[in-house]
Amino acid sequence: MSKRIFISHAAADVMLVDAFVDLLKIVKIGDDDIFCSSLEGLSIPSGKNFVEFIKSEIQEPDAVIVLLSKNYFTRPFCLSELGAAWVLSHRIFPILIPPLSESDIKDVLTGVWVKKINDPEALTSMVQELVRHLGLGEINIVRWNRKLKAFNSNLEDTLKKLPVPDSFTEVEVKRLRKFEIDSMELFTEYEGKIAKLEKKVEALELLKDRQEVLDVENSFLSDYDQFENEILDLISVLSNNQNIVNYALFKSLYGEGLSLRNATDHQYFVSEAKNAVEMKYLIEN
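The structure displayed is predicted, hence computed values, not measured ones. (Residues numbered from 1 in each chain as written. Predicted model: local features only at pLDDT ≥ 70, side-chain atom pairs only at ≥ 80, totals over all residues. Heavy atoms only, no water.)

Draft legend 1. Broad picture of the side chain of serine 69. On the secondary structure map, serine 69 appears in the loop between strand E3 (63-68) and helix H3 (70-73). A polar contact of 2.4 Å, which involves the side chain of serine 69, links it to the side chain of aspartate 13. Among the polar contacts listed, one links the side chain of serine 69 to the backbone nitrogen of tyrosine 72, at a separation of 3.1 Å. Each residue touching serine 69, except ones within four places of it in the same chain, is listed here: Ala10, Asp13, Ile97 and Leu100. (Helix = DSSP H or I, 4+ residues; strand = E, 2+ residues; numbered from the N terminus. Polar contact = N/O pair within 3.5 Å; in protein donor to acceptor, adjacent residues only side chain to side chain. Contact = heavy atoms within 4.5 Å.)

Below is the structure:
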């Protein structure tokens, strides 16, 4: 025989399910009334077949509480439980778990009024409706409110600790697709602007002094890009210099003069130095 309440949920949400079941116990609902496959003592007895036992429990409960989370919608077994409850015309009490919203509700729950677990008034209304449906009378509202307040104070932390499913909801997929389309449109727009600016720069280079154009272009570069350009210019200059000139520059930076003693080939050193003086790369001293 089925227990009175069947809690359909994703096993990944067990931390939240455990807290919610504790909350229900304040309104005359005990362990003997609840079947919850993820909670010890409320689950499947040892030695029983998992699938067959769940099939038997979903047959005749008085109420099915469905905890609709991201994890729930990614679990085929959970959706099968929901489908079975709908086919068997059970009294369903759906509860929405953030960050899902009403727009994520679909299929057999389309048009069904769902309660949000983080809405105290809505949750209180649902539980009052549940206990009346079960014939348990009215809830002790004072004790309920105190327990609900404690539940809500821990709810945000509990939700943060729930594992994130591998797949996306339909609404999230639609949002991602829209983002992709918007991004591609923006990318295309910027590509057009860049192509137009490149043509403008080419035209300026033809009409004006090239150095002035380069100065303007450099003024828009970042410090790092400017430094990179300076390095490239320096490499270009040094690659065209004679060895003796680069040697002189190096020595000059350290405040030292040229020394013939450091030359391995004195004749070649002197010859290069004379050529550099003649080309006015060096000043003879």
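Moving on from the coordinates now.
Draft legend 2. Structural view of the nonpolar core. Among the nonpolar cores identified, the biggest contains 35 residues, and Ile7, Phe20, Ile65, Ile95, Ile117, Leu130 and Phe151 are the most heavily contacted of them. Those elements that provide at least two residues to this core are strand E1 (5-8), helix H1 (14-24), E3, strand E4 (92-96), helix H5 (120-133) and helix H6 (141-161). Here this core takes six residues from H1, the largest share from any one element. Look past the residues within four positions of leucine 130 in its chain and what remains in contact with it is Ile5, Leu24, Ile29, Ala63, Ile65 and Phe93. Core analysis: the second largest hydrophobic core is formed by 21 residues, Ala10, Ile54, Ala85 and Leu96 among them. (Core = buried A, V, L, I, M, F, W, Y, C linked by side-chain atoms within 4.5 Å. Buried < 20%, exposed > 50% of the residue type's maximum accessible area, 1.4 Å probe, protein only.)

Draft legend 3. Highlighting the packing of H1 against H5. One way to put it is that H1 packs onto H5 with a least axis distance of 12 Å and a crossing angle of 60°. The orientation of H1 with respect to H5, classified from their angle, is oblique. Crossing of H1 against H5: the hand is right-handed. On the side of H1, the interface is formed by Phe20, Leu23 and Leu24, while H5 contributes Leu123, Met126, Val127 and Leu130. (Axes fitted to C-alpha atoms, helices over the stretch in contact; angles between N-to-C directions. Parallel < 35°, antiparallel > 145°, perpendicular 65-115°, else oblique. Left-handed = near helix turned anticlockwise from the far one by under 90°.)

That is the geometry; function is a separate question.
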